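Chain by chain, the residues:
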Amino acid sequence: MSLLVKICGLSTRETLDAALDAGADMVGFVFFPPSPRHLGLEAARELGKRAGRNALKVALTVDADDATLGNIVEALRPDILQLHGKETVARLRDIKQAFGLPVMKAMAVETAADLAVLPGYAAVADRILFDARPPTGATRPGGLGAAFDWHVLENLDLRLPFMVSGGLHADNVAEAIRVTRAGGVDVSSGVERAPGVKDVEMIRGFIRAARASQELQEMTAR
């Protein structure tokens, strides 16, 4: 199975083009005002058109209401809604029904105990994204550059596709893939030179490293 690589928090033409040209499978756009990567609707409309069908467009929201989601969907025309807040299983079900789009639920992970709620979400979501649990008092749930113990997922029995995020960068993505056997990786702060400021060369380097890891695993499995 091909590894999916997602570059999240894109906000400029230059960095979007770099992600697409380097072969990103998913491009993520953040709609959450406290984040330095927050994107306005008009900018989203422009970048969404620029992305076209060259990669899956992911709209990241945090506990957004239907009106907010409706505006985002109209502007970006996303392929996937990434729900990164405290949305319940029932809320996921309602969003899927209301907007008719696949839903990726982000789950904060620190210990194996955090996986207790996984079956409920897995029954409704189309994909799970495992991210590091933010520290107490954090103003946003992700994009903080913190990793979690990937061994928590080492023996995970999940038939649903899942991705790993949190503190990933070009130098550790191979190990994250090896330990978790995730079908996808998601990076944001790990390809930035400052919060919210993506770096073209870091984007390219991350995608190269992820692809090289995938190729090595495939060779080893033969």
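Each remark here, short or long, concerns the structure printed above.
This one's a predicted model, so the numbers in the text were calculated from it and none came from an experiment. (Residues numbered from 1 in each chain as written. Predicted model: local features only at pLDDT ≥ 70, side-chain atom pairs only at ≥ 80, totals over all residues. Heavy atoms only, no water.)

The next point concerns the sheet that holds strand β8 (residues 184-187). Strand order around the closed barrel formed by eight strands is β1-β2-β3-β4-β5-β6-β7-β8, with parallel pairing between neighbours. The average undirected angle you get between the axes of adjacent strands in this sheet is 25°. Here strand β5 (residues 103-109) runs beside strand β6 (residues 127-132); their pairing, made up of six bridges, is parallel. Bridging from a neighbouring strand, K105 pairs with I128 of β6. Lying on the sheet, helix α2 (residues 41-51) is in contact with β2 (26-31) and β3 (56-61); it crosses β2 at an angle near 175°. (Pairing = 2+ DSSP bridges. Helix = DSSP H or I, 4+ residues; strand = E, 2+ residues; numbered from the N terminus. Axes fitted to C-alpha atoms, helices over the stretch in contact; angles between N-to-C directions. Contact = heavy atoms within 4.5 Å.)

To continue, consider the side chain of S165. In this fold, S165 is placed in strand β7 (residues 162-165). Within polar-contact distance, the side chain of S165 engages the side chain of D131 at 3.4 Å. When sequence neighbours within four positions are dropped, the list of residues in contact with S165 reads L129, F130, D131, A132, F148 and D186. (Polar contact = N/O pair within 3.5 Å; in protein donor to acceptor, adjacent residues only side chain to side chain.)

When we look at burial in helix α1 (residues 13-21), the residues that qualify are T15, L16, A18, A19 and L20. Positive phi appears at G23, one or two residues downstream of α1, with a value of about 100°. (Buried < 20%, exposed > 50% of the residue type's maximum accessible area, 1.4 Å probe, protein only.)

Next up on the list: unusual backbone geometry. In this structure, D63 is a non-glycine residue whose phi angle is positive, near 50°. Structurally, D63 is set in the loop between β3 and α3 (66-76). By relative accessible area, D63 is classed as partly exposed at 44%. Residue R77 is not a glycine yet carries a positive backbone phi of 55°.

Moving on: the environment of R91. If you trace the backbone, R91 turns up in helix α4 (residues 89-99). Between the C-alpha atoms of R91 and D65, which are 26 residues apart in sequence, the distance is 9.9 Å. Setting aside anything within four residues of it in sequence, one finds R91 in contact with A64, D65, D66 and L69. For R91, the side chain forms a polar contact with the side chain of D66, separated by 2.9 Å.

This part covers the pairing of β6. With respect to burial, β6 is a largely interior element, six of its six residues being buried. Of the two faces of β6, both are covered, the one formed by R127, L129 and D131 as well as the one formed by I128, F130 and A132. Inspection of the sheet shows β6 paired to β7 by three bridges, in the parallel sense. Residue I128 lies in a different strand from β7, and its bridge partner there is F162.

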